[in-house]
Amino acid sequence: MQISGAAAPAPPPGGLGYGPPTSLASASGSFPNSGLYGSYPQGQAPPLSLAQGHPGAQPPQRFAPPQASSFTPPASGGPRMPSVTGPLLPGQGFGGPSVSQPNHVSSPPPPQALPPGTQMTGPPGPPPPMHSSQPGYQLQQNGSFGPVRGPQPNYGSPYPGAPTFGSQPGPPQPLPPKRLDPDAIPSPIQVIEDDRNNRGSEPFVTGVRGQVPPLVTTNFLVKDQGNASPRYIRCTSYNIPCTSDMAKQAQVPLAAVIKPLARLPPEEASPYVVDHGESGPLRCNRCKAYMCSFMQFIEGGRRFQCCFCSCINDVPPQYFQHLDHTGKRVDAYERPELSLGSYEFLATVDYCKNNKFPSPPAFIFMIDVSYNAIRSGLVRLLCEELKSLLDFLPREGGAEESAIRVGFVTYNKVLHFYNVKSSLAQPQMMVVSDVADMFVPLLDGFLVNVNESRTVITSLLDQIPEMFADTRETETVFAPVIQAGMEALKAAECAGKLFLFHTSLPIAEAPGKLKNRDDRKLINTDKEKTLFQPQTGAYQSLAKQCVAQGCCVDLFLFPNQYVDVATLSVVPQLTGGSVYKYACFQVESDQERFLSDLRRDVQKVVGFDAVMRVRTSTGIRAVDFFGAFFMSNTTDVELAGLDVDKTVTVEFKHDDRLNEESGALLQCALLYTSCAGQRRLRIHNLALNCCTQLADLYRNCETDTLINYMAKFAYRGVLSSPVKTVRDTLITQCAQILACYRKNCASPSSAGQLILPECMKLLPVYLNCVLKSDVLQPGAEVTTDDRAYVRQLVTSMDVAETNVFFYPRLLPLTKSPIENTTEPPAVRASEERLSNGDIYLLENGLNLFLWVGASVQQGVVQSLFSVSSFSHITSGLSVLPVLDNPLSKKVRGLIDSLRAQRSRYMKLIVVKQEDKLETLFKHFLVEDKSLSGGASYVDFLCHMHKEIRQLLS
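**Thoughts on the packing of aromatic side chains**
Aromatic ring pairs are defined here through the distance separating the ring centres and the angle between the ring planes.
In step 1: Evaluation of the coordinates by the stated rule reveals 30 aromatic pairs.
In step 2: Ring centres of Tyr 766 and Tyr 807 lie 5.9 Å apart, and the angle between their planes is 65 degrees; this geometry places the pair in the edge-to-face category. Separated by 41 residues along the polypeptide, Tyr 766 in helix 15 (residues 763-771) and Tyr 807 in the loop between helix 17 (799-806) and strand 28 (809-812) bring together distant segments of the chain. There is no split in this pair, since Tyr 766 and Tyr 807 are both buried.
In step 3: Measuring from ring centre to ring centre gives 6.2 Å for Trp 851 and Phe 921, while their planes differ by 15 degrees; the resulting arrangement is stacked.

**A look at the sheet that holds strand 12 (residues 312-314)**
In step 1: The strand order across the open sheet built from 3 strands is 10-11-12, with neighbouring strands paired in antiparallel fashion. Each of the sheet's edge strands pairs with one partner strand only, and the pair in question is strand 10 (296-298) and strand 12. If you compare each strand with its neighbour and ignore which way they point, the axes differ by 35 degrees on average.
In step 2: The sheet contact formed by strand 11 (residues 303-305) and strand 12 spans 3 bridges and is antiparallel. Residue pairing in the sheet places Phe 304 in a bridge with Asn 313 of strand 12.

**Here we look at the pairing of strand 13 (residues 342-346)**
In step 1: Of all the 5 residues making up strand 13, 5 are buried; the element is thus mostly covered by neighbouring parts of the structure.
In step 2: Alternating positions in strand 13 separate into two faces, Ser 342, Glu 344 and Leu 346 on one and Tyr 343 and Phe 345 on the other, with burial throughout.
In step 3: The sheet contact formed by strand 9 (residues 273-274) and strand 13 spans 2 bridges and is parallel. Bridge pairing in strand 13 places Val 274 opposite Phe 345.

**Topic: the sheet that holds strand 17 (residues 428-432)**
In step 1: Across the sheet, which stays open at both edges, the 7 strands sit in the order 17-16-15-14-18-19-20 with mixed pairing between neighbours. Unpaired on one side and paired on the other, strand 17 and strand 20 (579-581) mark the two borders of the sheet. Strand-to-strand twist across the sheet, computed as the mean angle between neighbouring axes with direction ignored, equals 20 degrees.
In step 2: Sheet topology note: the strand 15 (residues 405-411)/strand 16 (residues 415-419) ladder contains 3 bridges and is antiparallel.

**A few points about the packing of helix 13 (residues 703-717) against helix 15**
In step 1: Taken N-terminus to C-terminus, the directions of helix 13 and helix 15 make an angle of 25 degrees; their axes are 10 Å apart at the nearest point. By the angle class used here, helix 13 and helix 15 are roughly parallel. At the point where helix 13 passes helix 15, the crossing takes the right-handed sense. Between helix 13 and helix 15, the residues in contact are Thr 703, Asp 704, Leu 706, Ile 707, Met 710 and Ala 711 and Leu 763, Tyr 766, Leu 767 and Val 770, respectively.
In step 2: Considering only residue class, the contact of helix 13 with helix 15 consists of 8 nonpolar, 1 polar and 1 charged.

What counts, and at which threshold
- Residues numbered from 1 in each chain as written.
- Predicted model: local features only at pLDDT ≥ 70, side-chain atom pairs only at ≥ 80, totals over all residues.
- Heavy atoms only, no water.
- Phe/Tyr/Trp six-rings, centres within 6.5 Å; stacked < 30°, edge-to-face > 60°.
- Helix = DSSP H or I, 4+ residues; strand = E, 2+ residues; numbered from the N terminus.
- Buried < 20%, exposed > 50% of the residue type's maximum accessible area, 1.4 Å probe, protein only.
- Pairing = 2+ DSSP bridges.
- Axes fitted to C-alpha atoms, helices over the stretch in contact; angles between N-to-C directions.
- Parallel < 35°, antiparallel > 145°, perpendicular 65-115°, else oblique.
- Left-handed = near helix turned anticlockwise from the far one by under 90°.
- Contact = heavy atoms within 4.5 Å.
- Nonpolar A, V, L, I, M, F, W, Y, C, P; charged D, E, K, R; others polar.

Written out as structure tokens, the structure is:
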């Protein structure tokens, strides 16, 4: 689109984490007033939907957990939800915090009289007998709900979240209709808090097979004693069914979320590096698994039996050691590979391309200098930042300077390469205008050592903004830019990373040219999947060439309108790179977020030219993979680059019966080139239990990992199936998992009770958050670009990131004492939990809101915003004033601490109660009904119960 030199139209607000006005993406300017909730009179709670607890209801008594979570939703007339059809998700399962017993949460459901002529479920006459440990509510003959009669057990200490009701002698009396109390259904906040209290103080020691780790929301230390830390591998279940029939029956997906290069806290040691010299690491001759602590040494230590395939192997003379009286090698604790779950081997030349050790990698910065990029101030800002950022390139261990070389390209319709050789007085520019046949016009002087060429580089970065200051060129190319970077790395015979800074849809005549295909009318149709698919196959084949060269692409997008993220993100996605998006970028409001993301991206540890393989012991095998990578065969995950934030999710299936005694083993081996050009193998091992009882499976699942897998499965599903089918499939699988538990593991009880396994009691609330996400249920304000952006972002997220992304944290700020510097306890993500006399921070890993209630004390407003009253606070403010008082310091410190925990910078947005920005904020209150039609938590739970009852009947 041509943009005249006159003042451009005011850009829509820019920069939340993704999206346009009122979307989750750009919130700096004013917001349109469309589609807002009706506002409520000051001090009043919002009207409640049918199934929510009514204001003024007394909180129920609470009790301690026995063995499953149960409560009683309405038996009929529940919320209208999508019909549940469609294919089932493939998968059986593993994962969640093991708890000794399931726990019963019974509670009154909403008032829903039966339609005339409807039969109540169950036999007529007195209610069916209930198991003594499952108090609950069930349908009365008058169509209302009443408590179960009969003796109730004594539960001891109060248990938050689960009401119980005392016995009432005499015949059942009709009761007034009850509502399902939101406090009586499983609370994510309570589960997180309990895990922190129970498991946050002791180190997690990995020596025991099949141990379920603490939740990702708990801070804990790990002691590696033979199994990989949960920071590297988390499983959906730590107890795998012995047979495929049992796995199919349970429908729990068996998967592991692997983060091979995960960052560790300072208190934990990085994996040891083992150098076996020219002989290289010791492996099994048959299955090629690497030596680990589960290998069995026999015949006095002269041979070892592989724990993966049972093959007997000779121990080479240089590796021989005697065994002690227990059959263990006497040097086991001196060798990391025999005593730890994670370690690295130095790779020999046999593990290198063309049998030649690699050169250190290179970084190439490729800067769009079209009209949009210059006008927004982006090019000047970026060039200024690079001058200092180049001092912080990743380096190996104690190296004085980074071995990484750098190069620079600018582009619009043509490409400009720069010679920054240290011997030059001034940088030299070379222009390549034949973008259809891309070549690199210079080799010597293009990739240079930063310190040697510092003055020439500084001179270049000073000149670039001036050279293009008067440009009127609005058209850009894209594919030829990546092609050029890849060819440069190929010519230099090294791997590396391209940092692309791009502003608009590439419509210039060139390979990879795109057209605008942004069509919102396709949403909710069978053609909706095309919005997520790339426009052309050209980018897939380009990505394949990049992977072969070890060329990883990180893309920074600064669009003012549609840029077709679904197509542009293909190369970053397949090469293991990242995409960052800053809609309607404005230097004043967005520079902090962009520069923070850029610094972190340039400095983070990356493994280049990597190949990962996951081996398993006999009985299961890896069958499916999710993440940002390329696969040319069925076993090897190829990554041009793999950084510390990326995960690869692997699904397993049975190919034989498993043995309860020997359990199951996983070994993840990652071969990569370090930032100093060293070829290494990082190995992670994990032993899991196997079970013949379904109860053991359900007791050892991990819901957070399960949701991570299900979200990735669904987000891949939208590429090939209608979104409605994908949503229905998720609901069906969740219902099957819970119905199987109810049928096979829970004690007998009334059909009117919903019974959930203790470690899966949050599965419905989290699944509902996934179903309501912008990919699966977009609101009117979510652009097709935002949906594609979020889809690719979630694909390689780790478990902690998906946990907070789907269920955001809501922190009240003025309840805890000022001097208390720890993070305040979170509250549930629902409008009911907001008090108009308080201030709240809400974060989901991409977005950060500060919500200010209309009745906040004047002193608090003054301390935080330096204004006299609520009405003077600027809505949409993105920076808090730096004030010298305890509250200001505490809130700003908390914001800094939240940002430090996340892999991307979260831009702050101040939202005033009943302001038009509040619609955007409420989008993240995920327990409530959403504007786009997503069910509230209570409604979804009722629907889930209905699905389970249908399956059981």
